[in-house]
Amino acid sequence: MMNLEVHLPGLNLKNPVMPASGCFGFGREYSQFYDLGKLGAVIMKAATGEARLGNDTPRVAETSSGMLNAIGLQNPGVEKIIENEVPFLAKYDTAIIANVAGSTLEEYEFVASTFNEAKDVCALELNISCPNVKEGGIQFGTDPYMAAKVTEKVKEASNLPVYVKLSPNVTDFVSMAKAVEKAGADGLSMINTITGMQIHLPTQKPLLSNKTGGLSGPAIKPIAIRMIYEVKQQVSIPIIGMGGISNAEDVLEFLLAGASAVAVGAANFTNPFICSEIIDNLPSTLEKYGINSVQDAIGKAVF
Amino acid sequence: MMNLEVHLPGLNLKNPVMPASGCFGFGREYSQFYDLGKLGAVIMKAATGEARLGNDTPRVAETSSGMLNAIGLQNPGVEKIIENEVPFLAKYDTAIIANVAGSTLEEYEFVASTFNEAKDVCALELNISCPNVKEGGIQFGTDPYMAAKVTEKVKEASNLPVYVKLSPNVTDFVSMAKAVEKAGADGLSMINTITGMQIHLPTQKPLLSNKTGGLSGPAIKPIAIRMIYEVKQQVSIPIIGMGGISNAEDVLEFLLAGASAVAVGAANFTNPFICSEIIDNLPSTLEKYGINSVQDAIGKAVF
Amino acid sequence: MIKKEKMRVISSRQVAKDTTEMVLQNTYISETSVPGQFLHIFLDGHTLRRPISIADINKDRQTVTILFKKLGDGTEQLAKVTEGMLLDVLGPSGNGFDMCLEEGDTALLIGGGIGVPPMYSLGKKYSERNIQVVSVLGFQSKEYVFYEEKFKELGKTHIVTNDGSYGAKGFVTDVLCKVRGFDHYYSCGPIPMLKSVKNTLEGKRGSISLEERMGCGIGACYACVVPAQTEEGYKKICSDGPVFDVLEVVL
Amino acid sequence: MIKKEKMRVISSRQVAKDTTEMVLQNTYISETSVPGQFLHIFLDGHTLRRPISIADINKDRQTVTILFKKLGDGTEQLAKVTEGMLLDVLGPSGNGFDMCLEEGDTALLIGGGIGVPPMYSLGKKYSERNIQVVSVLGFQSKEYVFYEEKFKELGKTHIVTNDGSYGAKGFVTDVLCKVRGFDHYYSCGPIPMLKSVKNTLEGKRGSISLEERMGCGIGACYACVVPAQTEEGYKKICSDGPVFDVLEVVL
Ligand SMILES: Cc1cc2nc3c(=O)[nH]c(=O)nc-3n(C[C@H](O)[C@H](O)[C@H](O)COP(=O)(O)OP(=O)(O)OC[C@H]3O[C@@H](n4cnc5c(N)ncnc54)[C@H](O)[C@@H]3O)c2cc1C
Ligand SMILES: Cc1cc2nc3c(=O)[nH]c(=O)nc-3n(C[C@H](O)[C@H](O)[C@H](O)COP(=O)(O)OP(=O)(O)OC[C@H]3O[C@@H](n4cnc5c(N)ncnc54)[C@H](O)[C@@H]3O)c2cc1C
Ligand SMILES: Cc1cc2nc3c(=O)[nH]c(=O)nc-3n(C[C@H](O)[C@H](O)[C@H](O)COP(=O)(O)O)c2cc1C
Ligand SMILES: Cc1cc2nc3c(=O)[nH]c(=O)nc-3n(C[C@H](O)[C@H](O)[C@H](O)COP(=O)(O)O)c2cc1C
Ligand code: FES
Ligand code: FES
């Protein structure tokens with residue numbers, strides 16, 4: 001029997017696979033396809049202080065081996081999420097991670113501290129890297145000083161482990177990773193989407209109404225792998241890896257590059273069963289490459 | 001008859017399509033497939049002061065809708081290029097652009113000034129964005145001050161128009177673009193490859209011997225389009241656009257986003273006739289979308 | 001309930017310029033689909049599935065029919081899928097039309113372009129229930145017209161083409177004045193058409209079917225929202241729709 | 001000269017575990033290919049083409065044969081291509097073997113795994129010219145062995161498997177001592193094998209065929225270089241090779 005378990009701060013996972021934030025809602029829709037208890041964890045859609053309506057449509061576009069999205073953090077607000085969504089997910093034997101977003105330091109603090117009341121949430125993913133909202137998010141994610149600041153504040157406000165989700169849209173993401181590690185982050189989550197754009201030829205205008213959107217999917221996998229590999233050499237907190245994962249081989253590639261667990265985003269849209277299928281295939285994939293457990297694979301390509 | 005002409009500093013092109021640097025050698029091999037005189041221009045493989053042997057192999061890997069390369073600027077050196085390669089290309093009715101690389105300011109100046117003697121070269125593409133060599137290139141491409149400095153020096157050394165090739169691996173590429181414009185660049189060329197990595201599962205090590213490589217191909221097109229669109233709003237020098245172009249529709253997308261001409265890279269490997277086929281298809285593609293000339297399309301999505 | 005099913009292509013034929021009619025066989029989908037729902041179709045090499053309306057349902061043969069226009073890469077690829085091949089489909093997706101009419105009532109169906117297909121399955125179902133069906137179908141031009149005969153079997157049918165190359169010239173709204181005495185209208189087509197239908201038929205009860213670019217297609221990703229007069233302020237087209245009461249959403 | 005040609009798949013069959021033999025028809029390629037050259041095969045959805053050696057040439061039928069092992073996505077996709085389909089191929093690519101031997105001479109062919117195929121076309125051509133052919137072929141294990149009979153038709157053939165499940169146990173070099181009196185050796189296989197062949201047969205004249213990951217496949221991109229004892233210090237495998245004199249390149 002292959003041991004798929006991984007243990008990260010606040011997260012004792014039966015396997016390293018979880019759906020990525022924003023690509024799985026709060027799990028309800030996917031629960032009609034398979035038992036969510038199969039998942040290592042679920043990362044919920046971003047929560048902000050108040051409800052947000054997000055950007056105008058169109059909000060998604062397809063690209064070669066990927067997609068652009070500019071949802072704009074639409075969500076019912078942290079309180080409704082705790083009231084209506086967390087209890088639903090809590091029925092399943094899986095770890096719940098809350099994705100925390102905001103426009104100001106105060107909003108981040110408010111959202112993080114509000115989750116203290118949600119006893120079924122195991123960890124926070126601090127989203128300082130959403131490229132799709134005009135204010136908030138991304139300015140915290142491109143400046144090491146601001147990133148450290150928001151990490152500190154959220155650590156103070158929260159009694160949960162905090163995984164900081166880094167933006168790939170920076171020159172020196174290793175400095176970003178080090179800055180948030182120093183500021184007390186318990187782990188990293190990388191990568192968020194890469195800013196991109198598509199021009200709609202018939203109208204000769206950007207297709208997304210927000211103009212730019214975040215690129216995700218297999219197209220960005222090599223970028224994610226490189227960033228994780230480089231960060232793994234420089235920081236000692238664990239990494240939740242993501243960006244283009246669509247099968248068990250990809251999961252192994254992320255583990256070898258230094259991720260301790262992985263999240264699957266856009267691939268859920270292509271195939272709603274993808275997380276479940278990946279979990280099924282992971283043991284034989286590890287075996288095929290002579291690896292004895294998930295733990296053994298972590299960072300193996302790095303050192 | 002559709003007018004495909006474009007006029008950029010030093011470049012009066014019969015059409016906006018040229019092969020990208022490093023993806024077409026010095027044209028010899030592709031000349032067996034079609035008449036290079038059909039091309040708007042040819043951008044030659046990078047030239048350095050002395051011959052370079054490049055990185056160890058493997059130097060390329062395939063990714064979803066793209067590829068990684070870590071050639072490492074292998075080339076016979078600027079003098080041999082002027083002696084052996086430029087005369088071959090000069091036989092064709094096409095503009096010749098030299099790609100200038102180096103490890104030090106002095107090497108950039110030397111290469112640029114040496115090209116003054118090659119009367120058939122029409123313009124320089126200043127490569128400050130190669131992610132695949134340990135020294136040189138990329139450090140000039142990630143710091144606006146250094147980028148401006150090398151641009152100034154090369155402008156002084158050269159009597160040709162200079163197109164600065166920007167790296168996408170930066171937080172704030174608009175500042176980079178503005179810095180080199182201010183330093184006297186005649187145009188921009190964007191984007192170079194994005195740093196990426198692939199882990200080879202059987203060996204559990206990075207596949208490329210250089211570990212990281214530059215990602216190119218359709219996967220990166222949305223990133224290129226977004227960068228060109230944003231730079232176009234902020235600078236007034238023309239842009240040669242590239243990154244994932246593989247058909248005439250893609251060319252139109254780049255033109256609409258703000259490119260005045262385009263370069264085709266990895267697609268030459270998939271189909272050696274690609275530049276020729278794109279040129280054949282461009283008139284009907286423009287027509288399909290109601291556009292009267294290449295000139296009319298440039299920047300149409302921006303303003 | 002949405003399931004992920006393999007559907008066998010029973011036939012595929014061109015019925016108008018760039019327009020393909022495809023018959024797909026699958027027990028579960030054919031037995032559970034209702035007019036107005038759609039299939040979310042996987043295409044090799046594509047990250048996003050393509051939503052295509054169910055245009056006809058045949059429970060005996062266990063088939064559903066779809067009709068689609070070649071618009072881009074995905075629909076072009078779909079048009080190349082041939083008899084015997086299997087499609088990976090999520091369905092039946094979304095909610096069907098509010099079939100509120102009763103024997104003796106008249107339904108007005110207003111379809112524009114690729115908005116015509118869902119009107120057909122609705123009209124057919126209604127006509128089986130002895131509800132009068134009047135159809136107004138708009139197309140770009142003559143060569144794009146399809147299913148005219150089939151709609152005529154259901155009831156009076158007006159064809160409009162933008163360039164006048166077939167039927168009346170203009171937009172569907174130009175002939176709506178000719179249609180009197182219906183109890184509920186149903187419309188599917190581009191947003192500008194739906195807007196002017198709504199304005200033209202102000203005061204009438206109506207249902208409209210909306211299109212939007214989709215991510216998940218099941219209600220999880222918020223890609224396909226439309227502003228609505230509800231507490232939350234929005235509806236999801238994929239899971240709350242694609243069919244809405246005309247007064248429910250803000251066009 | 002390399003051309004971009006469509007080649008029709010005449011047949012495709014499995015000849016050993018994970019190993020496919022495919023016969024491809026095309027006038028130009030069959031008429032101009034020589035042993036040692038390769039085809040650079042386009043596969044839908046892939047940026048890079050796949051280089052595969054020409055394993056047999058039949059000018060009468062205007063076909064060439066390739067043999068390949070399923071190793072990754074590309075070769076798996078290629079294995080699914082069936083009779084009648086067309087492949088987009090660049091070829092014939094690279095240079096053939098230096099066929100320097102004359103009647104009465106003996107050629108020693110040493111192939112390992114997917115390095116076996118190019119040995120066959122060479123051996124066949126040589127044997128048509130009345131040159132003696134001795135073959136040493138290495139495979140992982142019994143189920144991967146292919147073309148044994150075909151090589152036996154050409155001359156004495158030694159099979160080696162790494163695990164000893166068929167023929168001799170060990171590596172090709174383990175049986176090279178048994179082979180005496182040849183005039184030139186030819187070898188293709190993984191680099192470690194080529195190195196030990198070179199060492200074992202030091203002092204003998206030999207040619208080797210190299211593999212490397214390729215970009216363009218025509219000499220333009222510098223992806224496939226190998227260090228060499230030349231003024232430039234390197235050779236390109238795709239256009240200067242894939243066949244080299246054993247003394248020319250640095251392994
Ligand atoms: C509920 C619903 C029902 C539909 N029913 C039909 C039908 O019965 N017949 C038919 O021909 N078309 C129908 N459409 C439109 C159809 O989905 C698009 O024409 C199709 O997705 C275009 O795909 P493509 O790859 O050819 O175009 P591309 O432009 O290459 O597609 C790129 C992306 O944009 C999306 N997209 C592009 N246009 C549309 C659009 N109009 N609506 C939604 N997504 C779009 C695609 O799904 C894909 O994700 C329906 C759309 C919706 C939302
Ligand atoms: C001159 C030459 C002749 C060859 N002849 C044969 C032959 O006759 N039969 C045969 O089975 N194989 C042959 N190979 C090896 C064959 O090219 C690879 O097995 C094949 O490219 C693997 O592709 P893939 O998509 O299955 O693997 P993947 O690993 O998915 O391929 C990813 C990328 O790496 C490249 N690649 C992977 N392995 C190799 C390799 N060993 N050599 C070169 N490129 C590689 C692929 O071409 C592709 O670009 C030859 C290689 C060369 C260079
Ligand atoms: C439609 C969509 C919505 C997303 N919303 C969020 C979000 O709310 N919060 C967040 O941190 N990341 C969000 N992301 C980013 C993903 O969590 C993930 O980091 C990214 O998509 C890369 O993974 P992938 O390539 O597997 O999709 C979203 C991505 C998509 C495609
Ligand atoms: C194999 C290879 C070699 C390259 N060599 C160079 C080079 O020498 N100089 C340079 O400026 N860019 C080089 N590039 C980058 C391309 O010119 C181009 O900017 C990039 O590949 C994006 O275009 P594409 O997506 O069409 O390939 C190289 C790219 C590839 C794939
Ligand atoms: S497409 Fe995801 S919510 Fe509708
Ligand atoms: S593959 Fe490009 S030079 Fe050999």
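Residues numbered from 1 in each chain as written. Chains lettered and ligands numbered in written order. Predicted model: local features only at pLDDT ≥ 70, side-chain atom pairs only at ≥ 80, totals over all residues. Heavy atoms only, no water.

Under an unreviewed UniProt entry, the name given to chain C is Dihydroorotate dehydrogenase B (NAD(+)), electron transfer subunit, and the organism recorded is Oceanobacillus halophilus. Among the UniProt annotations of chain C, the heading Subunit (unreviewed entry) holds the following wording: "Heterotetramer of 2 PyrK and 2 PyrD type B subunits." For the record of chain C, the UniProt heading Sequence similarities (unreviewed entry) holds the text "Belongs to the PyrK family." (UniProt positions renumbered as here; feature names shortened; annotations may be inferred.)

Colleague: Describe in detail the sheet that holds strand 8 (residues 121-127) of chain B, supporting the description with residues and values.
Modeller: The strands making up a sheet associate through hydrogen bonds between their backbones, and the pairing can be parallel or antiparallel. Residues and elements named next belong to chain B. If you trace the eight strands from one edge of the open sheet to the other, you get 3-16-15-10-9-8-7-4, paired in parallel fashion. In the strand order of this sheet, the two ends are held by strand 3 (17-19) and strand 4 (41-43), each with one partner. For this sheet, the mean angle separating the axes of adjacent strands, direction not counted, is 25 degrees. Relative to strand 16 (residues 261-264), strand 15 (residues 239-242) runs parallel, the two being bridged by three bridges. Directly across from Gly-241, in strand 16, lies its bridge partner Val-262. Lying over the sheet, helix 7 (residues 221-234) contacts strand 10 (187-190) and strand 15, oriented at roughly 165 degrees with respect to strand 15. (Pairing = 2+ DSSP bridges. Helix = DSSP H or I, 4+ residues; strand = E, 2+ residues; numbered from the N terminus. Axes fitted to C-alpha atoms, helices over the stretch in contact; angles between N-to-C directions. Contact = heavy atoms within 4.5 Å.)

Colleague: I'd love a proper account of the arrangement of the chains, names of residues and values included.
Modeller: The interface with the highest contact count, out of three pairs of chains in contact, is the one between chains A and B. No part of chain B reaches chain C; the closest C-alpha pair between them is 10 Å apart. In this structure chain A stays clear of chain D, and the shortest span between their C-alpha atoms is 10 Å.

Colleague: Lay out the interface of chain A and chain B with the relevant residues and their values.
Modeller: Listed by partner, the interface residues are 40 residues for chain A and 40 residues for chain B. Summing both sides of the interface, chain A and chain B together bury roughly 3,400 Å²; the carbon and sulfur share of this comes to 64%. The largest share of the area that chain A buries against chain B comes from Met-197, Leu-201 and Gln-204 of chain A, three residues that together contribute 20% of it. Where chain A meets chain B, there are zero salt bridges. (Buried area = accessible area lost by both parts, 1.4 Å probe. Salt bridge = Lys/Arg side-chain N within 4 Å of Asp/Glu carboxyl O.)

Colleague: I'd like a rundown of unusual backbone geometry, residues and numbers included.
Modeller: The step from Gly-241 of chain C to Pro-242 of chain C runs through a cis peptide bond, and the omega angle for that step is 5 degrees. Backbone geometry at Ser-65 of chain A places phi at a positive 55 degrees, although glycine is not the residue there. By secondary structure assignment, the location of Ser-65 of chain A is in the loop between strand 5 (60-63) and strand 6 (66-69). The exposure class of Ser-65 of chain A is buried, given its relative accessible area of 16%. Backbone geometry at Tyr-147 of chain D places phi at a positive 65 degrees, although glycine is not the residue there. Position of Tyr-147 of chain D relative to the elements: it lies in the loop between strand 9 (132-139) and helix 4 (148-154). (Buried < 20%, exposed > 50% of the residue type's maximum accessible area, 1.4 Å probe, protein only.)

Colleague: Describe the pairing of strand 1 (residues 3-16) of chain D, listing the residues and the values that go with them.
Modeller: Residues and elements named next belong to chain D. As defined by bridge partners, strand 1 adjoins strand 7 (residues 86-93) across six bridges and the pair is classed as antiparallel. Looking across to strand 7, one finds that Glu-5 is bridged to Val-89. One ladder, built from seven bridges, connects strand 1 with strand 2 (residues 19-25); its direction is antiparallel. Counterpart to Ser-11 in the pairing with strand 2 is Val-23.

Colleague: Could you give an account of the pairing of strand 12 (residues 184-188) of chain C, naming the residues involved and the relevant values?
Modeller: Residues and elements named next belong to chain C. Counting buried positions along strand 12 gives five out of five residues, so the element sits mostly inside the fold. Side chains His-184, Tyr-186 and Cys-188 of strand 12 all project onto a buried face; the interleaved residues Tyr-185 and Ser-187 project onto the opposite face, where all are buried too. Pairing of strand 8 (residues 106-112) with strand 12 involves five bridges; the strand directions are parallel. Bridge pairing links Ile-110 to Ser-187 in strand 12. Where strand 12 meets strand 13 (residues 206-209), four bridges bridge the pair, whose relative direction is parallel. Residue pairing for strand 13: Cys-188 is matched across the bridge by Ser-209. After leaving strand 12, the chain enters helix 6 (residues 191-200) and then returns to the sheet as strand 13, a path that is right-handed. (Right-handed = clockwise from strand over helix to strand, strands pointing away.)

Colleague: Please provide a residue-by-residue account of the site of ligand 4, values included.
Modeller: Residue and element names in this part refer to chain B. Close to ligand 4 lie 24 residues; Ser-21, Lys-165, Gly-217, Gly-244 and Ala-266 are nearest. In this structure, an oxygen atom belonging to ligand 4 sits 2.8 Å away from a main-chain N or O atom of Gly-217. Within the backbone of Gly-244, a nitrogen or oxygen atom sits 2.6 Å from an oxygen atom of ligand 4. Summarising the interface, the protein chains cover 98% of the accessible area of ligand 4, which totals 600 Å² for the free molecule. Per-class residue counts for the shell around ligand 4 are ten nonpolar, twelve polar and two charged. (Near = heavy atom within 4 Å. Polar contact = N/O pair within 3.5 Å; in protein donor to acceptor, adjacent residues only side chain to side chain. Areas by Shrake-Rupley, 256 points an atom, 1.4 Å probe, with all protein chains shown as cover. Nonpolar A, V, L, I, M, F, W, Y, C, P; charged D, E, K, R; others polar.)

Colleague: Explain the relation of the copies chain A and chain B residue by residue, including any values.
Modeller: Overlaying chain A with chain B gives an RMSD of 0.0 Å, the required rotation being 180 degrees about an axis along which the chain moves by 0.0 Å. Both copies are brought into coincidence by an operation consistent with a two-fold rotation axis. By residue overlap, the copies meet face to face through one surface: 100% of the interface positions of chain A are interface positions in chain B. (Least-squares fit on C-alpha atoms with pLDDT ≥ 70 in both.)

Colleague: Give a description of the UniProt feature "domain: FAD-binding FR-type" (unreviewed entry) in chain C that names residues and reports values.
Modeller: In this numbering, the UniProt entry assigns the feature "domain: FAD-binding FR-type" (unreviewed entry) to residues 2-99 of chain C. Each end of residues 2-99 of chain C is marked by a C-alpha atom, and these two atoms are 21 Å apart; helix forms 13% of the span and strand 48%.

Colleague: Outline the environment of Ile-194 of chain A, listing residues and values.
Modeller: Among the secondary structure elements, Ile-194 of chain A is positioned in strand 11 (residues 194-197). The spatial distance from the C-alpha of Ile-194 of chain A to the C-alpha of Thr-212 of chain A is 10.0 Å, given a sequence separation of 18 residues. If we skip the residues at most four places from it in the chain, Ile-194 of chain A touches Pro-168, Asn-169, Gly-213, Gly-214, Leu-215, Ile-220 and Ile-223 of chain A together with Ile-223 of chain B.

Colleague: Please set out the site of ligand 1 residue by residue, giving values where relevant.
Modeller: Residues and elements named next belong to chain C. Around ligand 1 sit 22 residues in total, of which Pro-51, Leu-67, Gly-74, Thr-75 and Arg-213 are the nearest. Between ligand 1 and Pro-51 there is a distance of 2.6 Å, counted from an oxygen atom to a backbone nitrogen or oxygen. Between ligand 1 and Gly-72 there is a distance of 2.9 Å, counted from an oxygen atom to a backbone nitrogen or oxygen. Those elements that provide at least two residues to the shell around ligand 1 are strand 4 (50-53), strand 6 (63-69) and helix 2 (73-79). Considering every element that reaches the shell around ligand 1, the biggest residue donor is strand 4, with four residues. Within the shell around ligand 1, the residues separate by chemical class into eleven nonpolar, four polar and seven charged.

Colleague: Could you give me a rundown of the nonpolar core, with the residues and numbers involved?
Modeller: Of all hydrophobic cores here, the largest spans 261 residues; its most connected members are Phe-115 of chain A together with Phe-115 of chain B. Dropping the residues within four chain positions of it, Phe-115 of chain A is found in contact with Met-44, Ala-47, Val-78, Ile-81, Ile-82, Ala-98, Val-100, Val-121, Leu-124 and Leu-160 of chain A. (Core = buried A, V, L, I, M, F, W, Y, C linked by side-chain atoms within 4.5 Å.)

Colleague: Can you lay out the domain arrangement of chain C for me, pointing to particular residues and giving the numbers?
Modeller: Residue and element names in this part refer to chain C. By domain assignment, chain C separates into domain 1 (3-93) and domain 2 (106-209). Averaged C-alpha coordinates put domain 1 and domain 2 at centres separated by 22 Å. The partner domain 2 presents 14 residues to the 17 residues of domain 1 that form the contact. Contact between domain 1 and domain 2 buries roughly 1,400 Å² in total, counting both sides, with carbon and sulfur atoms accounting for 59%. One can count one salt bridge joining domain 1 with domain 2. One salt bridge connects Lys-124 with Asp-56, and the closest N-O pair in it is separated by 2.9 Å. Of all the elements in the fold, those that place two or more residues in the side of domain 1 that touches domain 2 are strand 1 (3-16), strand 2 (19-25), strand 5 (56-58) and strand 6. Considering every element that reaches the side of domain 1 that touches domain 2, the biggest residue donor is strand 6, with three residues. (Domains from an automatic or database assignment.)

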